[in-house]
Amino acid sequence: MVVASQPALNHSSLIKTCKPTSLFTGIPVVDLSDPEAKSLIVKAFEEFGIFKLVNHGIPMEVITRLEVESLRFFNLPQPEKDRAGPPDPYGYGSKRIGPNGDVGWIEYILLNTNPDVMSHKALSIFQQSPEIFHSAVNDYISAVKKMTCEVLELIADGLGLEARNMLSRFLRNKKSDSCFRLNHYPPCPELQALSGRNLIGFGEHTDPQIISVLRSNNTSGLQICLRDGTWVSVPPDRSSFFINVGDSLQVMTNGRFKSVKHRVLADNTNPRISMIYFGGPPLNEKIVPLPSLVAEGEESLYKEFTWCEYKKSAYKSRLGDYRLGPFEKTASQ
Ligand SMILES: C=C1C[C@]23C[C@@]1(O)CC[C@H]2[C@@]12CC[C@H](O)[C@@](C)(C(=O)O1)[C@H]2[C@@H]3C(=O)O
Ligand SMILES: O=C(O)CCC(=O)C(=O)O
Ligand SMILES: [Fe+2]
């Protein structure tokens, strides 16, 4: 990895670059209407921590409407966008990710999906084009949330949990602390000169919540880290969703599913736009292994903590830190 030092990139000289890696064709693909979907999803989460969902039932019109409205926002003059930032953590952000010095070739909007928690800054995003943007975001989130709950119910079935709603109840709870992110990675033509390298848009990390549901346009950029430590590029697919395990689901399955490390490289010629729903539990919810997933004689691999405690700790960490580390039991505990 090298740091970009071209004059045109001076303003972002802290943003690292990276060589693109080979396209990975092995991401499991699951058709939501397949009678085998539950076992295929469990297998995908055990092996890769991610899968591609097709035939998901979300109308393309709902997706495209949000993409068009997001681009309308990101194409506004910078001072207008800046009025909705800096993020607290919700609102509009550019180049800085989180509060601890992480940077990337990205601009984004981060929203809490619970309207009661929406901050002033986040709300001012809607004030620029109120009804249209607001309804595009709401329609998208409610469709994706419903689909995600279906997926979590299939997972509960596939894992043989005592009730189908053991996981989906966290997202359906009206206090669910879920969030939603619109990311825009502008192309960086200056980088053509840095032969074959790309700017890092979003550095490597795992997502802290239960489950993340990502949809992007057809511009590549998403990379995942396989179990053997190799980074591979995930071919984009504008009409599908990529669904990945978050840290909280890793704990709830006592390590049977592992949250997948991922990152995004900005493309040198085309803008990438992505929208991610992060399904999280209510703040006071304990994040503990589901009892039926801890066999007799086995113990939880993790100390007991609430989502609020984990989130606080996540916001003190850097993007690439192993956030579950402090919550793991050591041999003597
Ligand atoms: C550097 C950070 C940004 C982040 C909060 C954190 O301190 C560490 C986790 C980051 C992350 C990654 C997944 C999601 O994009 C996100 C919204 C989240 O919940 O955790 C971001 C946080 C953020 O951008 O505020
Ligand atoms: O923008 C993307 O494609 C993924 C971004 C991501 O991983 C995140 O926002 O947590
Ligand atoms: Fe992520």
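Let me begin by describing the structure that accompanies this report. Fair warning: this is a prediction, and the values are worked out from it, not measured in the lab.

Next up on the list: the site of ligand 1. Surveying the vicinity of ligand 1 reveals 17 residues, the closest of which are Arg 181, Gln 209, Ala 314, Tyr 315 and Ser 317. Within the side chain of Arg 181, a nitrogen or oxygen atom sits 2.8 Å from an oxygen atom of ligand 1. In the model, an oxygen atom of ligand 1 is placed 2.9 Å from a nitrogen or oxygen of the Ala 314 main chain. Isolated, ligand 1 exposes 470 Å² of accessible area, and the fraction of that covered by the protein chains is 98%. Breaking the shell around ligand 1 down by element, the ones donating at least two residues are β6 (102-112) and β8 (198-205). For the shell around ligand 1, the class distribution of residues is nine nonpolar, four polar and four charged.

This paragraph deals with the side chain of Gln 223. Note on placement: Gln 223 falls in strand β10 (residues 222-225). Given the relative accessible area of 1%, Gln 223 is considered buried. For Gln 223, the side chain forms a polar contact with the side chain of Thr 21, separated by 3.1 Å. In this structure the side chain of Gln 223 is engaged in a polar contact, spanning 3.2 Å, whose partner is the side chain of Ser 233.

Moving on, we get to the site of ligand 2. The full set close to ligand 2 counts 13 residues, and Asn 183, Tyr 185, His 262, Arg 272 and Ser 274 are the nearest of them. Asn 183 has a polar side-chain atom sitting 3.0 Å from an oxygen atom of ligand 2. Between an oxygen atom of ligand 2 and a side-chain N or O atom of His 205, the distance comes to 3.1 Å. Relative to its unbound accessible area of 300 Å², ligand 2 is 98% covered by the protein chains. At the level of secondary structure, the elements contributing two or more residues to the shell around ligand 2 comprise β7 (179-185), β8, β13 (262-265) and β14 (272-279). Per-element accounting of the shell around ligand 2 gives the leading share, four residues, to β14. Across the shell around ligand 2, the residue classes tally to six nonpolar, four polar and three charged.

A cis amide bond links Gly 85 with the next residue in sequence, Pro 86, at an omega value of -10°. Along the chain, Pro 86 turns up in the loop between α3 (78-82) and β5 (91-97). The linkage connecting Asp 88 with the following residue, Pro 89, adopts the cis geometry, with an omega of 5°. Looking at the secondary structure, you find Pro 89 in the loop between α3 and β5. Located in the positive-phi region is Asn 55, a residue other than glycine, with phi close to 55°. Tracing the chain through its elements places Asn 55 in the loop between β4 (50-54) and α2 (60-74). Even without being glycine, Asn 254 reaches a positive phi, approximately 50°. Its place among the elements puts Asn 254 in the loop between α7 (247-252) and β13. The exposure class of Asn 254 is buried, given its relative accessible area of 10%.

Scoring rules and cut-offs
Residues numbered from 1 in each chain as written. Chains lettered and ligands numbered in written order. Predicted model: local features only at pLDDT ≥ 70, side-chain atom pairs only at ≥ 80, totals over all residues. Heavy atoms only, no water. Near = heavy atom within 4 Å. Polar contact = N/O pair within 3.5 Å; in protein donor to acceptor, adjacent residues only side chain to side chain. Areas by Shrake-Rupley, 256 points an atom, 1.4 Å probe, with all protein chains shown as cover. Helix = DSSP H or I, 4+ residues; strand = E, 2+ residues; numbered from the N terminus. Nonpolar A, V, L, I, M, F, W, Y, C, P; charged D, E, K, R; others polar. Buried < 20%, exposed > 50% of the residue type's maximum accessible area, 1.4 Å probe, protein only.

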